[in-house]
Amino acid sequence: MESTEWIHEAIIRYLKSPFYTAPVLQFIDENCIIFDTEEENKFEYTEVHEKFKTLVDDLVSYFLEELGVSTEAFVEAMRSYVPLFDRLVFPAAWPLRCY
């Protein structure tokens with residue numbers, strides 16, 4: 001199998017870069033006001049969560065396109081490098097699943 005270390009390093013740099021963090025933090029700043037301390041999940045939360053998932057998906061997809069890496073190759077590279085996933089990708093991706 002071809003070495004995927006360069007993909008690991010590229011995604012680390014990207015997830016720490018302002019090209020990724022700035023739009024994510026801006027989205028959070030613009031949408032955090034709707035969340036309150038009530039236990040009940042509101043439909044409004046689901047809508048914002050879907051928009052957040054779309055934002056992150058678009059950012060990562062654009063980056064992979066710029067790299068010339070398919071989604072499948074990216075997923076396989078991440079599976080082959082568990083420490084990276086645990087250290088950086090998992091914390092960055094977890095908000096996509098839970099809000």
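To be clear, the structure that these remarks concern was listed above.
Just so it is clear, the model here is predicted, and its values are computed rather than measured.

(A) Inspection of helix H1 (residues 5-16) at higher detail. If you check H1, its first and last C-alpha atoms are 17 Å apart, about what 12 residues at 1.5 Å a residue would give, namely 16 Å. For H1, the set of buried residues is Ile7, His8, Ala10, Ile11, Ile12, Tyr14 and Leu15.

(B) Summary view of the environment of Met78. With respect to the helices and strands, Met78 occurs in helix H4 (residues 71-79). On the accessibility criterion, Met78 (7% relative accessible area) is buried. Sequence spacing of Met78 and Thr4 is 74 residues, and the spatial spacing of their C-alpha atoms is 8.7 Å.

(C) Spatial organisation of the packing of aromatic side chains. In total, this model carries 4 aromatic pairs according to the counting rule given. Taken together, a centroid distance of 5.5 Å and an interplanar angle of 45 degrees make the contact between Phe27 and Phe52 tilted. Of this pair, Phe27 sits in helix H2 (residues 18-31) while Phe52 sits in helix H3 (residues 43-67), and the two are 25 residues apart along the sequence. Judged by its relative accessible area of 14%, Phe27 falls in the buried class. In this structure Phe52 comes out as buried when scored by relative accessible area, which is 10%. Among the aromatic residues, ring-to-ring pairing joins Tyr14, Tyr20 and Phe63 into one connected group.

(D) Structural context of the nonpolar core. The biggest cluster of nonpolar side chains holds 22 residues, and the ones touching the most others in it are Ile11, Tyr14, Tyr20, Val24 and Phe74. Broken down by secondary-structure element, the contributors of at least two residues to this core are H1, H2, H3 and H4. Looking at which element gives the most residues to this core, the answer is H3, with 9 residues.

(E) Local environment of the side chain of Thr4. One can find Thr4 in the segment before H1. Judged by its relative accessible area of 15%, Thr4 is buried. Residues contacting Thr4, with those up to four places away along its chain left out, are Ala77 and Ser80.

(F) View of H3. Here H3 contains 25 residues, and its C-alpha end-to-end distance of 36 Å stays within 8% of the 36 Å for a straight helix at 1.5 Å per residue. Among all positions in H3, only Tyr45, Val48, His49, Phe52, Leu55, Val56, Leu59, Val60, Phe63 and Leu64 are buried. At the C-terminal side of H3, Gly68 shows a positive phi close to 80 degrees.

(G) Local environment of the pattern of salt bridges. According to the stated counting rule, one finds 1 salt bridge in the structure shown. Two residues, Glu50 and Lys53, come together in a salt bridge whose shortest N-O distance is 3.1 Å. Of this pair, Glu50 and Lys53 both sit in helix H3, 3 residues apart, which is roughly one turn of that helix. You can call Glu50 partly exposed: its relative accessible area is 38%. Residue class for Lys53 comes out partly exposed when judged on its relative accessible area of 29%.

Analysis parameters
- Residues numbered from 1 in each chain as written.
- Predicted model: local features only at pLDDT ≥ 70, side-chain atom pairs only at ≥ 80, totals over all residues.
- Heavy atoms only, no water.
- Helix = DSSP H or I, 4+ residues; strand = E, 2+ residues; numbered from the N terminus.
- Expected span 1.5 Å × (residues − 1).
- Buried < 20%, exposed > 50% of the residue type's maximum accessible area, 1.4 Å probe, protein only.
- Phe/Tyr/Trp six-rings, centres within 6.5 Å; stacked < 30°, edge-to-face > 60°.
- Core = buried A, V, L, I, M, F, W, Y, C linked by side-chain atoms within 4.5 Å.
- Contact = heavy atoms within 4.5 Å.
- Salt bridge = Lys/Arg side-chain N within 4 Å of Asp/Glu carboxyl O.

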